[in-house]
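Close look at the chain arrangement
Chain residues, written in single-letter form:
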Amino acid sequence: MNNKSLKVSMLLGLIFANGVFAADPLTEKDDTVIHSINYIEEDADFDLGFDTADYLPEDFDANDIYVNLDAINFIESDARVVLSTKKYLPEGFNAYSFPTDVEAFNYIDENDEISLDFDTKKHLPSGYNPYIRNN
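The present account deals with the structure reproduced in this document. All values derive from a computational prediction rather than experimental measurement.

Now for the overall build of the protein chain. For the protein chain, the helix and strand inventory stands at two helices and zero strands. The proportion of buried residues among the 135 residues of the protein chain is 0%. Of the roughly 15500 Å² of accessible surface on the protein chain, a fraction of 56% belongs to carbon and sulfur atoms.

Judged by side-chain charge, E41, E42, D43 and D45 come together as a negatively charged surface patch. On the secondary structure map, E42 appears in the segment after α2 (25–35).

On the surface, F46, L48, F50, Y55, L56, F60, Y66, V67, L69, I72 and F74 cluster together into a nonpolar patch covering about 1300 Å² of accessible area. Classification of F50 by relative accessible area gives partly exposed; the value is 47%.

Time to look at the packing of aromatic side chains. Evaluation of the coordinates by the stated rule reveals one aromatic pair. Both rings, one in F50 and one in Y55, keep their centres 5.6 Å apart while their planes meet at 85°; by these two values the pair is edge-to-face.

The rules behind each value
Residues numbered from 1 in each chain as written. Predicted model: local features only at pLDDT ≥ 70, side-chain atom pairs only at ≥ 80, totals over all residues. Heavy atoms only, no water. Helix = DSSP H or I, 4+ residues; strand = E, 2+ residues; numbered from the N terminus. Buried < 20%, exposed > 50% of the residue type's maximum accessible area, 1.4 Å probe, protein only. Areas by Shrake-Rupley, 256 points an atom, 1.4 Å probe, with all protein chains shown as cover. Patch = residues over 30% accessible without salt bridge, like charges linked within 9 Å, V, L, I, M, F, W, Y side chains within 5 Å. Salt bridge = Lys/Arg side-chain N within 4 Å of Asp/Glu carboxyl O. Lys, Arg positive; Asp, Glu negative; His and termini not counted. Charge placed at Lys NZ, Arg CZ, Asp CG, Glu CD. Phe/Tyr/Trp six-rings, centres within 6.5 Å; stacked < 30°, edge-to-face > 60°.

Structural data, given as structure tokens:
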């Protein structure tokens, strides 16, 4: 019995190893499909209607670097900007403190109407209703 189970386990191990190392037919097929596509490379010269040499310097080279990056002075990280907001905020203001009571909450009153001084009747057709769906 022990010899039989050893043979079966060896056979299953070989089948498993064969499946692991088998070539994937889908990737091979995909490679052949991708390589069979013919790409058209069009080398078309565009006529812009004017000569760019008339507008560029005589010794202009698009690949040449005209700016010396070492000449640029960068702001050092040690510089600190101090803003004085004391005159704009109430005394004892702390942006990170939690409201202590309900009166400290700020809310928008829904009854307030905002007038934009814009008459939509001038710009929309007569009888226009945005809630009616026109098919």
